[in-house]
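# Commentary on secondary and tertiary structure
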Amino acid sequence: MKKAVKLAAFMLVSVMLVMTLVSCSSYGKIEKNFKDAGYTEVELDETANKIVAELEEGSISCTAHLWKTESAVLDIIPVYALVLEFGSEGDIDKAIEESGTISGMIEDVQKSELVRDNCLLVPFSLTKLEEMKEIFNK
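So, a few notes on the structure that sits alongside this text. (Residues numbered from 1 in each chain as written. Predicted model: local features only at pLDDT ≥ 70, side-chain atom pairs only at ≥ 80, totals over all residues. Heavy atoms only, no water.)

## Some details on the packing of helix H2 (residues 27–36) against helix H6 (residues 129–137)
The geometry of a pair of packed helices is captured by two quantities: the angle between their axes and the separation between those axes. Which entries qualify depends on this criterion: Each axis is a line fitted through C-alpha atoms, and for a helix only the stretch in contact is used; angles between axes span 0 to 180 degrees, taken between their N-to-C directions. Helix and strand definitions here come from DSSP, where helices need a minimum of 4 consecutive H or I residues and strands a minimum of 2 consecutive E residues; each element is numbered from the N-terminal end. Angles below 35 degrees are treated as roughly parallel, those above 145 as roughly antiparallel, those between 65 and 115 as roughly perpendicular, and all remaining angles as oblique. We call two residues contacting when some pair of their heavy atoms lies within 4.5 Å.
Between H2 and H6, the shortest axis-to-axis distance is 8 Å and the interhelical angle comes to 135 degrees. Here H2 lies oblique to H6, going by the angle between them. Contact with H2, carried on its side by Ile 30, Asn 33 and Phe 34, involves Met 132, Ile 135 and Phe 136 of H6 and no other residues of that element.

Below is the structure:
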């Protein structure tokens, strides 16, 4: 009987550990990287809201984070990066398959530098694309 209780306790702890690891998000690291690079988080704009609304139509929930840097293009055009944080990597795969907007930006999901665990980078500036990818994947 003691062995059965120990085995059940071990299995319960194992399941809780796996669930904890599965639900981890890489967004905390990404957030720190953007802050260290001089970006500030701002309220969502119209484009970001359209992307989130499209995902919600397909029953995919995500949290959107819009980042702005002070180093504007030609000193007049602000630079934005959108990070979409999904509940799991499965949700991000579903979003890429179902969203015309997102799938148009990403050709090969597995090899893309725009996907990190359960987060997706949507750069709103081609001039800062490489910088944003570096910050995102640091």
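## With respect to the nonpolar core
Stated precisely, the cut-off is as follows: Here, the term nonpolar core denotes a set of buried Ala, Val, Leu, Ile, Met, Phe, Trp, Tyr and Cys residues that are joined through side-chain atoms within 4.5 Å. Note on classification: 1.4 Å probe, protein chains only; a residue is buried when its accessible area is under 20% of the maximum for its type, exposed when over 50%, partly exposed between these limits.
The biggest cluster of nonpolar side chains holds 32 residues, and the ones touching the most others in it are Phe 34, Leu 55, Val 83, Leu 84, Phe 86 and Leu 120. Within the residue set of this core, elements represented by two or more residues are H2, helix H3 (46–57), strand E2 (62–73), strand E3 (77–86), helix H4 (89–98), strand E5 (119–123) and H6. At six residues, E3 tops the list of elements feeding residues into this core.

## Thoughts on the pairing of E5
Note on strand geometry: in a regular strand, side chains alternate between the two faces of the sheet. Heads up, the condition is: When DSSP locates at least two bridges between a pair of strands, those strands are taken to pair.
Most of E5 is tucked away, with five of its five residues classed as buried. Along E5, one buried face is formed by Cys 119, Leu 121 and Pro 123 and the opposite face, lined by Leu 120 and Val 122, is buried too. Pairing geometry for E3 and E5, over five bridges, is antiparallel. Within the sheet, the bridge partner assigned to Ala 81 lies in E5 and is Pro 123. Both strand E4 (residues 115–116) and E5 contribute to a ladder of two bridges, which runs antiparallel. When the bridges of E5 are listed, Arg 116 appears paired with Cys 119. Two successive antiparallel strands, E4 and E5, enclose a turn made up of two residues, where Asp 117 displays a positive phi of approximately 50 degrees.

## Quick word on H6
Which entries qualify depends on this criterion: What the arc covers is the set of directions going from the helix axis to the C-beta atoms.
The complete set of buried residues in H6 reads Met 132, Lys 133, Ile 135 and Phe 136. Buried positions in H6, seen along its axis, are confined to an arc of 165 degrees and lie on one side of it. Of the exposed residues in H6, the ones pointing more than 90 degrees away from its buried face are Glu 130 and Glu 134. Buried-residue contacts for H6 involve H2, strand E1 (39–42), E3, E4 and E5.

## A look at the pattern of salt bridges
The condition that has to hold: Only one rule defines a salt bridge in this text: a Lys or Arg side-chain nitrogen within 4 Å of an Asp or Glu carboxyl oxygen.
The final tally for this structure, using the stated rule, is six salt bridges. Residue Lys 32 is joined to Asp 36 by a salt bridge in which the shortest nitrogen-to-oxygen separation is 2.7 Å. Taken together, the residues Lys 32 and Asp 36, both in helix H2 and four residues apart, mark about one turn of the helix. A salt bridge links Glu 113 to Lys 133, with the nearest nitrogen and oxygen atoms 3.0 Å apart. Residue Glu 113 is located in the loop between helix H5 (100–105) and E4, and its partner Lys 133 is located in helix H6; the two are separated by 20 residues in the primary sequence. Since its relative accessible area comes to 43%, Glu 113 is described here as partly exposed. Each of Glu 113, Glu 130 and Lys 133 takes part in salt bridges that share partners, so that together they form one network.

## Some points on the environment of Asn 49
Among the secondary structure elements, Asn 49 is positioned in helix H3. Overall, Asn 49 belongs to the partly exposed group, its relative accessible area being 40%. Distance from Asn 49 to Ala 64, taken between C-alpha atoms, is 8.4 Å for residues 15 residues apart in sequence.

Nothing here speaks to function; it is all geometry.
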